[in-house]
Amino acid sequence: MKAILTILLCLCLAVPAHAQELKPRLVVLTDIAPASIEPDDMESMVRLMTYADQIEIEALITTIGWNCDPYPTEWADSLWRVINAYEHDVKNLMKRSGQKKFMPLNAEQGQQAIGYWPSADYLRSRVAMGSQRAGIGVIGKSNRTPGSDLIIQLVDEDDPRPLWIASWGGANTLSQAIWQVKQERTPEQLSAFLKKLRVYTITDQDMVYGMRMNRSYSSHQWLRREFARDLLFIWDESAWLSQNELGKNHWSVYANMIQGHGALGKAYPTFKWGVEGDTPSWLNILPNGLHDADDPQQVGWAGCFKRDMCPDSLTVAWTNWRSPQKDISGEYELHFYDDTFRDFSARIEWAEKGKGNRNPIVDINGTRGSIPIYVTASKGETFVIDASGSYDPDGDALDFNWWIQRDAGNCPQHVQLNTQDAKASLAIPSETPCEIHVVCEVRDHGHIPLVGYRRIVIKN
């Protein structure tokens, strides 16, 4: 009990009192490489570091991908370079949330609240080598690694939050961890283990690029086939492609606003194939109020997904690889792209200068936070949503935009929002049960305009 109280005291000293909501937990499986070989993982890693106050980075595990089998140990040097750049810039980043100091390392390794910037020493303590060979064929006793052991350790921690696995390369290290648990535990214990995991794969990279259509070679197929009942698995074939292409098309803006700004900007390499193709994997869990990542049909900064047959025509997962879901997700990805980039560029400005713009705080009917608001309304009533308590921490003027995500829930087509600046209302249908997803976007007038969100889910 004394140790818990000490951690809570340190947390309160390190993070503003209004920001005690816990971060989502993230494990990254990355085939990070020198910029001359494949710069896109390094780009995504730099961007992730600028959001270390929003996401609890539980592990950074180097592993195989399309460019390597086996994974060369020396490629991990690129990851250390990014962490070193973060160490240089973090004192400036801390000014964004008013953080004065770091918690002790043992406290950082507990739970972190949104708004807390971890130390570089904490991040270094979370680096591990994962599987250096690809495919389901290598899974077994000889493929056990510090990375697979770390995943098991993290899932086993006494923490109710799910553990998100973002696969920037192959998810072979995760497959190894699950294989090991399957050998050593009862079916009931395995099921409980799997239910604490969430998997987001950037396409399927558990093989070299030339084999990418050989789905049966990949351990990803094994995960989807054997554990479909218990494992939430997202296979992205839309957001990563959009990010790659939109980044290439807007590269001059990256070069002007990201590269060379602060140590992190100086570590941000020029693209070779596409720009930050792995970034959607963690934008998906960013706690910005837009969605609940546990419900993949709710759109977030990585688009949205439908439970569907996968491209292997054998397994089922949450995916967006074919129309109409690919088209639906693609429209959202385009809608959010400018906001996501401006958000990143504002954070790079903080990294360089220790000052800059901050996001608006969205207040819905007196409630703040990042978790969607779920309410029950009476059939036939006019339901009013009031965001007039929203404010900008820098005193900037605000604009309000309201919309219904009609491809989530089951909102009847005749339901319309009536909006007037910070307020919106709608007539709740009386003829049938429904679930209506309303999104409030609040944008400021800062020199780099930023946005805040809140989702309201209304059931009758």
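Presented here is a report on the structure given in the accompanying data block. Residue numbers restart at each chain and count upward from 1, following the sequence in its written direction. Reporting in this predicted model follows two pLDDT cut-offs: at least 70 for local features of residues, and 80 or more for side-chain atom pairs to be given and counted; totals over whole chains, interfaces and linings ignore these cut-offs and use all residues. Only hydrogens and water are removed before side-chain values are computed, so all heavy atoms of the structure are retained for them.

### So, the overall build of the protein
Selection rule: Secondary structure elements are taken from DSSP: a helix is a run of H or I of four residues or more, a strand is a run of E of two residues or more, and numbering for both begins at the N terminus. The globule rule is 2.2 Å times the number of residues to the power 0.38, and the radius of gyration it is compared with is taken over C-alpha atoms. Contact criterion: two residues are considered in contact whenever any of their non-hydrogen atoms come within 4.5 Å of each other. Accessible surface area values rest on a Shrake-Rupley calculation with a 1.4 Å probe, where residue burial reflects the displayed protein chains alone. The charge count includes Lys and Arg as positive and Asp and Glu as negative, but it does not include His or the ends of the chains. By convention, charge coordinates are those of NZ in Lys, CZ in Arg, CG in Asp, or CD in Glu.
Looking only at helices and strands, one finds 14 helices and 15 strands in the protein. Over its C-alpha trace the protein gives a radius of gyration of 22 Å, about what one expects of a compact globule, namely 23 Å for 460 residues. Taken along its principal axes, the extent of the C-alpha atoms in the protein is 60 × 55 × 50 Å. When contacts within the protein are restricted to residue pairs at least 6 apart in sequence, those whose partners lie at least 24 apart make up 74%. With the model as given, the accessible surface of the protein reaches about 17,800 Å², and the carbon-plus-sulfur share is 52%. Of the side-chain charges in the protein, 46 are positive and 58 negative, and the distance between the mean point of each set is 3 Å.

### Things to note about empty space enclosed by the protein
In this approach a probe as big as a water molecule rolls over the atoms, and the regions it shows empty are the leftover space. The condition is simple: A cavity, in this analysis, means grid points on a 1 Å lattice covering only the protein atoms where a 1.4 Å probe fits yet has no way out; a pocket is instead an open set bounded by protein on both sides within 12 Å along at least five of seven lines, and a residue lines either one if it has an atom within 4 Å of a point. Grid points are joined across faces, edges and corners, and a volume is the space filled by probe spheres set on the points. Gly falls in the polar group here, along with every residue not listed as nonpolar (Ala, Val, Leu, Ile, Met, Phe, Trp, Tyr, Cys, Pro) or charged (Asp, Glu, Lys, Arg).
With the rule as written, the count across this model stands at two cavities of 30 Å³ or more. Approximately 100 Å³ is the volume attributed to the largest cavity. Lining the largest cavity we find A239, S242, Q243, L246, P280, L283, W301, E333, F336, Y337 and T340. Residue assignment for the lining of the largest cavity shows that the elements contributing at least two residues are α10 (239-249), α13 (280-283) and α14 (325-353). Tallied by class, residues from the lining of the largest cavity come to seven nonpolar, three polar and one charged. Considering only enclosed or pocket space, the second largest cavity measures out at about 40 Å³ in volume.

### A word on the pattern of salt bridges
Counted only if it meets this: The salt bridge criterion pairs a side-chain nitrogen of Lys or Arg with a carboxyl oxygen of Asp or Glu, the two atoms within 4 Å. Exposure classes here rest on a 1.4 Å probe applied to the protein chains alone. A residue is buried below 20% of its type maximum, exposed above 50%, and partly exposed in between.
Within this structure, the stated rule accounts for 29 salt bridges. Residue R161 pairs with D159 through a salt bridge whose shortest N-O separation is 2.6 Å. Exposure remark for R161: the relative accessible area of 10% places this residue in the buried category. Of the residues examined, D159 reaches a relative accessible area of 5% and is grouped as buried.

### Points about the packing of helix α2 (residues 40-49) against helix α3 (residues 77-94)
What describes two packed helices is the angle between their axes and the distance between those same axes. Threshold: Comment: axis = line fitted to C-alpha atoms, over the contacting stretch for helices; angle = value between 0 and 180 degrees taken between N-to-C directions. Geometric relationships in this document are graded by angle, where less than 35 degrees denotes roughly parallel, more than 145 denotes roughly antiparallel, 65 to 115 denotes roughly perpendicular, and other angles denote oblique. In this scheme, a crossing is called left-handed if the near helix is turned counterclockwise away from the far one by less than a right angle; it is called right-handed if the turn is clockwise.
The contact between α2 and α3 brings their axes to 10 Å, and the two run at 25°. Taken together, the axes of α2 and α3 lie roughly parallel to each other. Crossing angle aside, the handedness with which α2 passes α3 is right-handed. Residues M42, M45, V46 and M49 of α2 lie in contact with α3, whose contacting residues are S78, L79, R81, V82, Y86 and L93. Within the contact of α2 with α3, the residues separate by chemical class into eight nonpolar, one polar and one charged.

### What about the side chain of S78?
Mapped onto the elements, S78 comes out in helix α3. The contact partners of S78, leaving out residues within four places of it in the chain, are I32, A33, P34 and M42.

### Regarding the nonpolar core
Stated formally: Residues enter a nonpolar core if they are buried and are Ala, Val, Leu, Ile, Met, Phe, Trp, Tyr or Cys, with the set joined through side-chain atoms within 4.5 Å.
Grouped together as the largest cluster of nonpolar side chains are 78 residues, with contacts concentrated most on M45, L48, M49, L60, Y86 and L264. By size, the runner-up hydrophobic cluster in this structure holds 30 residues, among which are V27, A128, L150 and L190.

### Notes on the packing of aromatic side chains
What counts is decided by this rule: Only Phe, Tyr and Trp rings are paired, with Trp represented by its six-membered ring, and only when their centres lie within 6.5 Å; those with planes under 30 degrees apart are stacked, over 60 edge-to-face, the remainder tilted.
Here the structure, examined in full by the defined rule, presents 16 aromatic pairs. On the basis of an interplanar angle of 90° and a centroid distance of 5.7 Å, the ring pair of Y200 and F305 is categorised as edge-to-face. Here F305 lies in the loop between α13 and β7 (306-309) and Y200 lies in strand β5 (residues 197-202), a separation of 105 residues in the sequence. Taking the relative accessible area as the measure of exposure, Y200 reaches 1% and is therefore buried. Seen from their ring centres, Y268 and F344 are 6.0 Å apart, and the 50° between their planes marks the pair as tilted. Highlighted residues: Y268 in the loop between α12 (262-266) and α13 and F344 in helix α14, separated in sequence by 76 residues.

### Let's talk about α14
Heads up, the condition is: Each residue after the first adds 1.5 Å to the expected span of a helix. What is called the bend at a residue is the angle between a pair of axes, fitted to the seven residues leading up to and ending at it and to the seven starting from it.
Compared with an ideal rise of 1.5 Å per residue, which puts 29 residues at 42 Å, α14 spans 41 Å between its outermost C-alpha atoms and is within 8% of the ideal. Of all the bends found along α14, the most pronounced is centred on F336 and spans about 40°.

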